[in-house]
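As a plain string of letters, each chain reads:
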Amino acid sequence: MVEQRPPAYLAHAARSYVQIALLWVRAAMAYPVSFWMMTVSGLLITFLDFVTIWLMFTHIDAYGGFRLREIALLYGVTSIAFRTADMLVGSVEKIGQKVRSGDLDTMMTKPVPVLVQLCADRFELRRLGQIAQGVAVFAWAAPIVDWTPQRLLVLVLALVSGVAIYFCVFVIFSTIQFWTTDASEFANAFTYGGNTIMQYPMTIFPREVVRSLTYLLPLAFVNWYPCLFLLGRADPLGSPGWFPFASPLAALVLVGVTALVWRQGLRHYRSTGS
Amino acid sequence: MSGPLHSPPSLYAAIATRSFRRYSTYTAATLAGIFTNSVFGIILSFAYLALWEQNPTAGGYGADQAVTFVWIGQALLMTIALWSGGSTDDLAERIRNGDIAVDLYRPVSVLGWYLAADLGRALYHFLTRGVAPTVVGALLFGLVAPAPAGAVGFLVSVCLAVVVSFAIRFLFASSAFWLLDATGPRVLLSVMATFFSGLTLPLNLFPDGLRQVALGLPFASYIQTPADIWLGRHAGLDMLAAIGLQVAWAIVLLAMCALVLRAATRKVVVQGG
């Protein structure tokens, strides 16, 4: 390991990430037909995902007290944050596989942090298609917001914090595979499940669920509280007025927790020796 | 050569049993999957309850039926390998690395071999990732129980769902004979299967036109048909008609698999020189 001061260390990590990621981008581009087919499929998956919500609105006018475009706003913000994190996080979900194959041992010997190597491994540029869909849904919803500089700031903070929050969720729940290598699907309940739950207004869920998504796993700070502010609506569930501005705080706390969990996982790791 | 199913049934039973055992070794994966299916079942149940609170008869379902539909979908998605997986993934990989040549010259039907293996896998997933989330759903939300005839029809319908899904996955995996890599087609298939099976929204909630098309596609066999039989929407003669459509799709698709396999066999021979 290179012993360096934190800023230099972070710069080294970022540079390594970009280098490895570019390698995989070039590799994917070697099969252009496959690349574009996957990109279009990814776009189509998320497109039909929103079509489903739109189809629900052919039977109702309001959903949990929200209209279609208001839901599209919630959907757009969580989708952009989630899909960006998903692209950045790469194959961290496949820790178990790397443990079994012994690839993790190889990674440990290299002078780049293991987490950086895992996240940059098999970097998938094609996920841009899914991010684009989130952007499109958001753009369709954006005109209903009465934009002010303050609202724009809340949006930017929400998106940046949202990417960080989902990134942490991916990492935290993948760490479980240091203990049970073939339980990768466990993480899906929190990552993909988290994104799915945030596509809906929190008013349709029991209070306990909303509390858990605020204080335990702070996904409500990705889009729910910020979007209420963008829409100029008071929280039907009566949360404090400063919550829409608290997204960076929630992200920061979660980053700290994630660092602890990740270090614990790595420390627990014993090579399979095969 | 890959002729019709001319091998003794005991051979296929042995293949299915091995396949069942293969999947049963991944206990942690099964438990993690049951947990994830249950979480999605809970999220979707609340999502549906909010819809049916606004419109209590949407799609002709009651709220309790809609929630039951959610859990049937979660229970079946692994059994029918909705997002692929199962023996057809092995097939695609064996085509890619050339091992398929060995399969083609075994004195056993290739189609029969892979179907038996997939049925063994499906049974394991039905008994674990099918039954367990359903129990969770019943405890948390109270599901609608099927009538006795509906329960029998449901089981028959699920078996046919597995066969239909297998045949479609087999066809998409076979594209590897020509494309070498079947990843792209597989992703495309999972997109269509997710939307047109009724997993994200019961097909009866689709607008006219799109609904008729969706109900006629083989993907309706995956979840929509078994669920409607469970819920008693297809009863009596109507149930027989629904199952009949599944049988028709199974026969047509398996015949297509046999044709594709024949064409592919010639191609493999030509490549071999």
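Residue numbers here run from 1 along each chain, matching the order of that chain's written sequence. Just so you know, chain letters begin at A and ligand numbers begin at 1, following the order they were written in. Local features in a predicted model are, by the rule used here, given only for residues with pLDDT of at least 70; side-chain atom pairs are given and counted only at 80 or more, and totals for whole chains, interfaces and linings are based on all residues. Side-chain numbers come from the whole structure's heavy atoms, not from hydrogens or water.

What follows concerns the overall build of chain B. Labels follow the DSSP assignment, with helices taken as runs of H or I lasting at least four residues and strands as runs of E lasting at least two, numbered in each case from the N terminus. Of the regular secondary structure elements, chain B holds 12 helices and 0 strands. Element order for chain B, N to C, with α for helix and β for strand: α-α-α-α-α-α-α-α-α-α-α-α. We compute the radius of gyration over the C-alpha atoms and compare it with the globule rule, which gives 2.2 Å times the number of residues raised to the power 0.38. Relative to the compact-globule value of 19 Å for 273 residues, chain B shows a C-alpha radius of gyration of 19 Å, a close match. C-alpha atoms of chain B, sized along the principal axes, occupy 65 × 40 × 35 Å. When contacts within chain B are restricted to residue pairs at least 6 apart in sequence, those whose partners lie at least 24 apart make up 79%. Positive and negative side-chain charges in chain B, numbering 15 and 12 respectively, have mean positions lying 10 Å apart. What makes two residues a contact is simply this: any of their non-hydrogen atoms within 4.5 Å. In this count, Lys and Arg are taken as positive residues and Asp and Glu as negative ones, while His and the chain termini are left out. For this purpose, a charge sits on NZ of Lys, CZ of Arg, CG of Asp or CD of Glu.

Here the focus is helix H4 (residues 87-97) of chain B. Residues and elements named next belong to chain B. Classification of residues uses two cut-offs on accessible area relative to the type maximum, computed with a 1.4 Å probe and protein chains only: under 20% is buried, over 50% is exposed, and between them is partly exposed. When we look at burial in H4, the residues that qualify are Ser-87, Thr-88, Leu-91, Ala-92 and Ile-95. All buried residues of H4 project into a common sector of 150° when viewed along the axis, lining one side. Buried residues along H4 sit in contact with helix H5 (100-104), helix H6 (110-141), helix H7 (148-174) and helix H8 (176-179). Once H4 finishes, Gly-98 follows within two positions and takes phi at roughly 90°, a positive value. Working note: the arc is built from the helix axis to C-beta atom directions.

Let us look at the environment of Leu-140 of chain B. The residue Leu-140 of chain B is located in helix H6 in this model. It is 34 Å that separates the C-alpha atoms of Leu-140 of chain B and Ser-87 of chain B, two residues lying 53 residues apart in sequence.

A few words on the interface of chain A and chain B. In this complex, chain A contributes 31 residues to the contact, which on the side of chain B involves 35 residues. Two parts placed together each lose some accessible area under a 1.4 Å probe, and the buried area is that loss summed for both. For the pair chain A and chain B, the summed buried area comes to about 2800 Å², and 77% of that belongs to carbon and sulfur atoms. One speaks of a salt bridge when a side-chain nitrogen belonging to Lys or Arg is within 4 Å of a carboxyl oxygen belonging to Asp or Glu. Inspection of the region where chain A meets chain B yields 1 salt bridge. For Arg-129 of chain B, the salt bridge is made with Glu-185 of chain A, and the minimal N-O distance between the two is 2.7 Å. Think of a polar contact as two N or O atoms within 3.5 Å of one another; within protein, one of them needs to be a possible hydrogen donor and the other a possible acceptor, and neighboring residues in sequence only count if both atoms come from side chains. There are 5 residue pairs in polar contact (both at pLDDT 80 or more) connecting chain A and chain B. Elements that contribute at least two residues to the side of chain A that touches chain B include exactly helix H2 (32-56), helix H9 (185-190) and helix H10 (192-198) of chain A. Sort the elements by how many residues they give to the side of chain A that touches chain B and H2 of chain A lands first, with 11 residues. Nonpolar residues are Ala, Val, Leu, Ile, Met, Phe, Trp, Tyr, Cys and Pro. Charged residues are Asp, Glu, Lys and Arg, and all others, Gly as well, are polar. Among the residues making up the side of chain A that touches chain B, the classes are represented as 21 nonpolar, 8 polar and 2 charged.

So, about the packing of aromatic side chains. Stacked, edge-to-face and tilted are the three classes for Phe, Tyr and Trp ring pairs, Trp counted by its six-membered ring, which pair at centre distances within 6.5 Å; planes under 30 degrees apart are stacked, over 60 edge-to-face, the rest tilted. Tallying each qualifying case throughout the model produces 36 aromatic pairs over all chains. Centre to centre, the rings of Tyr-63 of chain A and Tyr-200 of chain A are 6.0 Å apart; their planes meet at 45°, and the pair counts as tilted. Remark: Tyr-200 of chain A occurs in the loop between H10 and helix H11 (207-216) and Tyr-63 of chain A occurs in the loop between H2 and helix H3 (68-89); sequence separation between them is 137 residues. By the burial criterion, Tyr-63 of chain A is buried, and Tyr-200 of chain A matches it. You can call Tyr-200 of chain A buried: its relative accessible area is 8%. Through successive ring pairs, a cluster of aromatic residues spans Phe-57, Tyr-63, Tyr-200 and Phe-205 of chain A together with Phe-46, Trp-71 and Phe-141 of chain B. The side chain of Arg-233 of chain A reaches across the aromatic face of Phe-66 of chain A, ending 4.0 Å from its centre. When the ring centre of Trp-113 of chain B is taken as origin, the NZ or CZ atom of Arg-106 of chain B, which lies over that ring, is 4.6 Å away. We call a charge positioned above a ring when the Lys NZ or Arg CZ atom is no farther than 6 Å from the ring centre and deviates by at most 35 degrees from the ring normal.

Our next topic: the UniProt feature "transmembrane region" (unreviewed entry) in chain B. Residues and elements named next belong to chain B. UniProt positions are given in the numbering used here, feature names are shortened, and annotations may be inferred rather than shown by experiment. Per the UniProt record, the feature "transmembrane region" (unreviewed entry) sits at residues 28-51, 66-86, 126-145, 151-180, 187-206 and 239-261. The span residues 187-206 is 50% helical and 0% strand by assignment, and the distance between its end C-alpha atoms comes to 23 Å. Counted over residues 239-261, helix gives 100% and strand 0%. Its end C-alpha atoms are 33 Å apart.

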